[in-house]
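The lines below spell out each chain.
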Amino acid sequence: MYELGRDLLEEIGYVEIGMDHFALPTDELYKSMKRGTLHRNFMGYTPHDTRLSIALGASSISDSWDGFVQNEKNIEDYQKSIEQGHFPIVKGHLFSEEDQIIRAHILNIMCHDGTDWSDPALQSAVFEDIIVRIEELEADGLIEINGQSLQVTPMGRPFLRNICLAFDARYWQKQPGGKLFSQAI
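The shown structure was predicted, so the numbers you read here are calculated from the model rather than taken from an experiment.

K.L.:
In this structure, what is going on with the pattern of salt bridges? I would like to understand it.
P.N.:
Oppositely charged side chains may form a pair once their charged atoms are brought near each other. For the structure on display, the rule yields seven salt bridges. For Asp63, the salt bridge is made with Arg103, and the minimal N-O distance between the two is 2.2 Å. Here Asp63, found in strand β5 (residues 61-63), pairs with Arg103, found in helix α4 (residues 97-112); they are 40 residues apart in sequence, far enough to count as distant. Each member of the pair, Asp63 together with Arg103, is buried. Across the pair Asp99 and Arg170 runs a salt bridge, and its minimum N-O distance is 2.9 Å. In this pair, Asp99 sits in helix α4 while Arg170 sits in helix α7 (residues 169-174), placing the two residues 71 residues apart along the sequence. For Asp99, a relative accessible area of 11% translates into the label buried.

K.L.:
Would you mind going over the sheet that holds strand β10 (residues 149-152) with me for this structure?
P.N.:
The strands making up a sheet are joined through hydrogen bonds of the backbone, oriented either antiparallel or parallel. In spatial order, the strands read β8-β10-β9; together these three strands make up an open sheet with antiparallel pairing. The open sheet has two edge strands with one neighbour each: β8 (114-116) and β9 (143-145). Direction aside, neighbouring strands of the sheet carry axes that sit 15° apart on average. Taken together, the three bridges between β8 and β10 define a ladder with antiparallel strand orientation. In the strand pairing of β10, Gly114 is matched with Gln151.

Rules used throughout
Residues numbered from 1 in each chain as written. Predicted model: local features only at pLDDT ≥ 70, side-chain atom pairs only at ≥ 80, totals over all residues. Heavy atoms only, no water. Salt bridge = Lys/Arg side-chain N within 4 Å of Asp/Glu carboxyl O. Helix = DSSP H or I, 4+ residues; strand = E, 2+ residues; numbered from the N terminus. Buried < 20%, exposed > 50% of the residue type's maximum accessible area, 1.4 Å probe, protein only. Pairing = 2+ DSSP bridges. Axes fitted to C-alpha atoms, helices over the stretch in contact; angles between N-to-C directions.

In structure tokens form, the structure reads like this:
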């Protein structure tokens, strides 16, 4: 199904720029992809780095780059909180240094089809596990590993979420075990 949709969009001039996103070559998103400035936040792809995203409304998620908060999902509870003069926040997370490193790699993969961890500052204690997971992806032909970097192959583009998931240490800490594709497809 993915291939059919992509083929239809490409027939009318759209180009795949990232996960489930397409743009015309005249669009700013396409141009930013070509310039290497494409960025992704909770809302999707943007042509510029957006390190602050203030979300309004029920269930919305704000991102300060150092952490995020989510608003109340229930509209009545959201409105009640606002009426009482309270922020309608129900949960949040402050990013650790490791979270920031992992986020950088995931954004690189989502926005630039690859990432590099040759700089020790871009590595963390979970990298041994990440390497094992990405080696499986390489064996499947979805990525190419070259030293301390990876590049998504054309065959791997439809699987960007799976590739990024290999880096998501928090996800894997919650899993009792299993294959990378068991839940993503």
